[in-house]
Amino acid sequence: MSIIAGCAAIVVWIFDILPLKGLIISSAFTKFYFPLCHIVVGLILLFTQLRLNKNKYSKLQNSEDKYRSLIEQASDTIYILDLQGRFTDVNAAMCQMMGYTREELLKMTIIQIIDPEELKIDPLPKKMDNEGAPVIRERRFIRKDGYIFTVEVNVKRFKGDRIMVIARDITYRKKMEAGLREAELKSRTIAEKSMVGVYIVQDGKFTYVNPRFAQVFGYEPAEMVNTFAVEQILDESFRGIAIENVRRRIAGEVESVNYEAKGKKKDGTSNWVEFYGSRAEIEGLPTIIGSMIDISERKKTEEELRSSEQQYRLLFDSNPMPMWMIAKDDQTIIAVNDAGAGLYGYTKEELIHKNAKVFRPEEDYEQQLEGYRQEVKNWDSRRVVRHLKKDGSIIFVQIMSYDIIFEGRPVRLSMTNDITAKLKAENDLKSAYERIQNHINSIKDMAWKQSHLIRSPLANLQGLFILLQDDPSNAELLAHIQNELQRMDTIIIEMAQEASYHD
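In short, a report on the structure. (Residues numbered from 1 in each chain as written. Predicted model: local features only at pLDDT ≥ 70, side-chain atom pairs only at ≥ 80, totals over all residues. Heavy atoms only, no water.)

## Digging into the sheet that holds strand 5 (residues 163-169)
Rules: Two strands are said to pair when DSSP picks up at least two bridges between them. Here a helix means four or more residues in a row that DSSP labels H or I, a strand means two or more in a row labelled E, and each is numbered from the N terminus. Lines fitted to C-alpha atoms define the axes here, with helix axes fitted over just the stretch in contact, and angles between the N-to-C directions of these axes take values from 0 to 180 degrees.
With antiparallel pairing, five strands are arranged side by side in an open sheet as 2-1-5-4-3. The outermost strands of the open sheet, each flanked by one partner alone, are strand 2 (87-90) and strand 3 (135-142). Pairs of neighbouring strands in the sheet enclose a mean axial angle of 30°, with direction left out of account.

Here it is, written out as structure tokens:
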């Protein structure tokens with residue numbers, strides 16, 4: 001009953017019910033019920049405070065559990081220090097990274113895991129009480145096994161006496177950075193010393209050119225960087241091509257291009273260059289990185305070669321002698337002039353790409369093949385062979401050859417001369433000579449026979465003359481006969497001697 005009365009008094013007082021206030025403050029009520037009200041209110045307040053403390057402790061415990069879970073599961077190393085640098089908490093990642101157990105670390109200070117040599121030149125601050133923004137820097141830690149490595153630490157001081165540090169092993173990153181620096185140094189050195197021009201283009205201008213690139217166009221590198229549009233170094237007839245090629249790469253239509261262009265040097269003279277360029281991105285900007293070579297000498301050589309080829313082609317095609325170009329490896333006819341095709345009764349189109357066997361009788365194939373196996377280095381090499389015409393008739397040709405390299409392929413350049421008529425004439429002349437010789441021999445025989453036939457009666461006359469000498473009655477006649485006989489004998493002897501000269 002007293003508890004109800006006390007509670008009623010509290011309600012009256014809270015809601016300010018004036019008629020009942022007088023009753024509550026009366027002496028009787030105050031004497032018996034008001035102290036009881038204080039007891040009830042105190043109990044209620046005590047119960048409420050106990051409930052609030054329990055809820056607060058529960059929330060704090062949950063928060064602590066979450067904090068511990070986050071710390072332990074974090075991939076980065078996390079540790080807590082007090083203001084004297086002692087470890088008050090470490091996570092598993094910290095233990096793994098340093099090679100210590102949690103219990104060992106909680107007995108240590110931060111100084112014990114920092115490289116002593118680093119502390120000599122970069123000691124820890126005397127007071128670790130800086131509050132505010134986190135401090136990020138690098139430190140060299142030393143593991144339990146003595147291995148020294150580099151970490152990046154993020155230090156944050158919280159209110160109170162706690163300092164939280166997040167550390168990350170950056171050994172691999174430092175190695176990569178060192179490798180990148182070395183690679184960049186090597187690349188720059190190569191670019192600076194290269195005999196090939198190197199360039200980088202952004203927003204239509206050169207952002208980098210190496211010395212060789214600038215030299216080709218008669219500039220210093222500084223004169224070309226971020227000063228004028230890239231097409232300025234080209235002849236006006238090629239600027240449209242250059243602008244289009246730049247646009248296509250920047251737009252991503254093509255990744256790379258390769259083209260030749262006529263350049264324009266600083267002094268206004270022209271040269272020829274060849275560009276190789278690819279699309280890339282540098283600092284988020286579309287970029288063209290490429291190389292360039294000066295091909296002026298090559299162009300000059302090509303022009304001279306074209307002129308030489310034109311002259312050669314003119315000499316080859318218009319030569320009245322049949323000429324051929326035949327591959328040595330497979331005896332394919334690569335080229336033939338009109339005289340060559342006409343000699344054998346073909347058109348040029350019929351002969352191109354045919355095998356040279358088409359000109360030889362089958363029994364001469366091996367001889368022909370053996371000829372192509374040999375090297376011929378001068379035009380003095382001449383030989384006479386049998387050839388077949390399109391109609392199957394055989395002709396004799398004299399071949400003059402010379403081995404050359406044509407378009408990277410061993411080729412035999414040949415010139416043929418039809419000597420069929422010449423050989424026939426020589427054979428006819430030989431036959432005529434033999435007939436004449438036979439005729440001369442027959443004359444010689446006849447003269448020999450005649451001389452003997454004539455000398456026989458002369459010998460008889462000489463004998464008669466000796467007999468007439470016994471009758472000197474006609475001395476003058478005898479003298480005359482004797483003179484004539486001697487003269488005839490002389491003539492016959494001369495005839496015999498002349499006939500013997502033809503032997």
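## What about the pattern of salt bridges?
Put simply, the rule is: Should a side-chain nitrogen of Lys or Arg be within 4 Å of a carboxyl oxygen of Asp or Glu, the pair is scored as a salt bridge. Throughout this description, buried means an accessible area under 20% of the type-specific maximum (1.4 Å probe, protein chains only), exposed means over 50%, and partly exposed covers the range between.
Scanning the model with the defined rule gives 34 salt bridges in all. Across the salt bridge formed by Lys 120 and Glu 117, the nearest N and O atoms sit 3.3 Å from each other. Taken as a pair, Lys 120 and Glu 117 lie in helix 7 (residues 116-121) at a separation of three residues, close to a single helical turn. You can call Lys 120 exposed: its relative accessible area is 62%.

## Thoughts on unusual backbone geometry
Its identity as a non-glycine residue notwithstanding, Asp 203 has a phi of 55°, on the positive side. When you line up the elements, Asp 203 lands in the loop between strand 6 (197-202) and strand 7 (205-209). For Asp 203, a relative accessible area of 72% puts it in the exposed group. Here His 353, not a glycine, exhibits a phi torsion of approximately 75°, which is positive. Assignment of secondary structure puts His 353 in the loop between helix 14 (348-351) and helix 15 (365-373).

## Some words on the environment of Phe 238
Rules: The contact criterion used is simple: two residues touch if any of their non-hydrogen atoms lie within 4.5 Å.
Among the secondary structure elements, Phe 238 is positioned in helix 11 (residues 236-250). A relative accessible area of 18% places Phe 238 in the buried class. For Phe 238 and Gly 263, which are 25 residues apart along the polypeptide, the C-alpha to C-alpha distance reads 8.2 Å. Aside from chain neighbours lying at most four places away, what touches Phe 238 is Glu 260, Ala 261, Lys 262 and Trp 272.

## Details of a nonpolar patch on the surface
Quick note on the threshold: Patch construction takes residues with relative accessible area above 30% that form no salt bridge. Like charges are linked within 9 Å, and nonpolar side chains (Val, Leu, Ile, Met, Phe, Trp, Tyr) are linked within 5 Å. Each accessible area is a Shrake-Rupley result for a 1.4 Å probe, and residues are judged covered by the shown protein chains and nothing else.
The grouping of Val 384, Ile 394 and Phe 396 at the surface amounts to a nonpolar patch, some 230 Å² of accessible area in total. Mapping Phe 396 onto the fold places it in strand 14 (residues 394-406). On the accessibility criterion, Phe 396 (32% relative accessible area) is partly exposed.

## Observations regarding empty space enclosed by the protein
Stated formally: The method works on a 1 Å grid over the protein atoms by themselves. A cavity is a set of points holding a 1.4 Å probe that cannot get out, a pocket is an open set with protein on both sides within 12 Å along at least five of seven lines, and residues with an atom within 4 Å of a point line them. Grid points are joined across faces, edges and corners, and a volume is the space filled by probe spheres set on the points. Gly counts as polar in this scheme, as do all residues outside two lists: the nonpolar Ala, Val, Leu, Ile, Met, Phe, Trp, Tyr, Cys and Pro, and the charged Asp, Glu, Lys and Arg.
By the definition in use, this model includes two cavities of 30 Å³ or more. Its boundaries defined by the atoms lining it, the largest cavity holds a volume of some 110 Å³. Considering the residues around the largest cavity, the lining is formed by 13 residues, among which Tyr 199, Val 230, Val 246, Tyr 259 and Phe 275 are closest to the centre. Looking at the lining of the largest cavity, the elements that each hand over two or more residues are strand 6 and helix 11. For the lining of the largest cavity, the element with the highest residue contribution is helix 11, accounting for three residues. Partitioning the lining of the largest cavity into residue classes produces 12 nonpolar, no polar and one charged.

## Quick word on the sheet that holds strand 8 (residues 256-264)
Pairing within the open sheet is antiparallel, and its five strands lie in the order 7-6-10-9-8. Two strands lie at the open edges of the sheet, namely strand 7 and strand 8, each paired on one side alone. Within the sheet, the average angular offset between the axes of one strand and its neighbour, ignoring direction, is 30°. Helix 11 contacts strand 6, strand 8, strand 9 (270-282) and strand 10 (285-294) of the sheet and is inclined by roughly 155° relative to strand 8.

## Considerations on the pairing of strand 3
Summarising the sheet, strand 3 and strand 4 (residues 148-157) pair through eight bridges and their orientation is antiparallel. Note that in strand 4 the partner of Val 135 across the bridge is Val 155. If you look at the hairpin formed by strand 3 and strand 4, you'll find five residues sitting between the two strands, and Gly 146 has a positive phi there, around 95°.

## Notes on the packing of aromatic side chains
Aromatic ring pairs are described here by two measures, namely the spacing of the ring centres and the angle between the planes. Rule in force here: Aromatic rings from Phe, Tyr and Trp, with only the six-membered ring used for Trp, were paired whenever their centres fell within 6.5 Å, and each pair was classed as stacked if the ring planes differed by under 30 degrees, edge-to-face if by over 60, and tilted otherwise.
The final tally for this structure, using the stated rule, is 15 aromatic pairs. Aromatic pair Phe 141 and Phe 149: ring centres 6.4 Å apart, planes at 75°, arrangement edge-to-face. Residue class for Phe 141 comes out buried when judged on its relative accessible area of 1%. For Phe 149, a relative accessible area of 4% translates into the label buried. Judged by centre distance (6.5 Å) and plane angle (80°), the ring pair of Tyr 346 and Phe 359 falls under edge-to-face. Of this pair, Tyr 346 sits in the loop between helix 13 (338-344) and helix 14 while Phe 359 sits in the loop between helix 14 and helix 15, placing them 13 residues apart in sequence. For Tyr 346, a relative accessible area of 14% gives the class buried. A relative accessible area of 4% places Phe 359 in the buried class. Members of the aromatic cluster, each reached through a chain of ring pairs, are Tyr 199, Phe 206, Phe 213, Phe 217, Tyr 259 and Phe 275.

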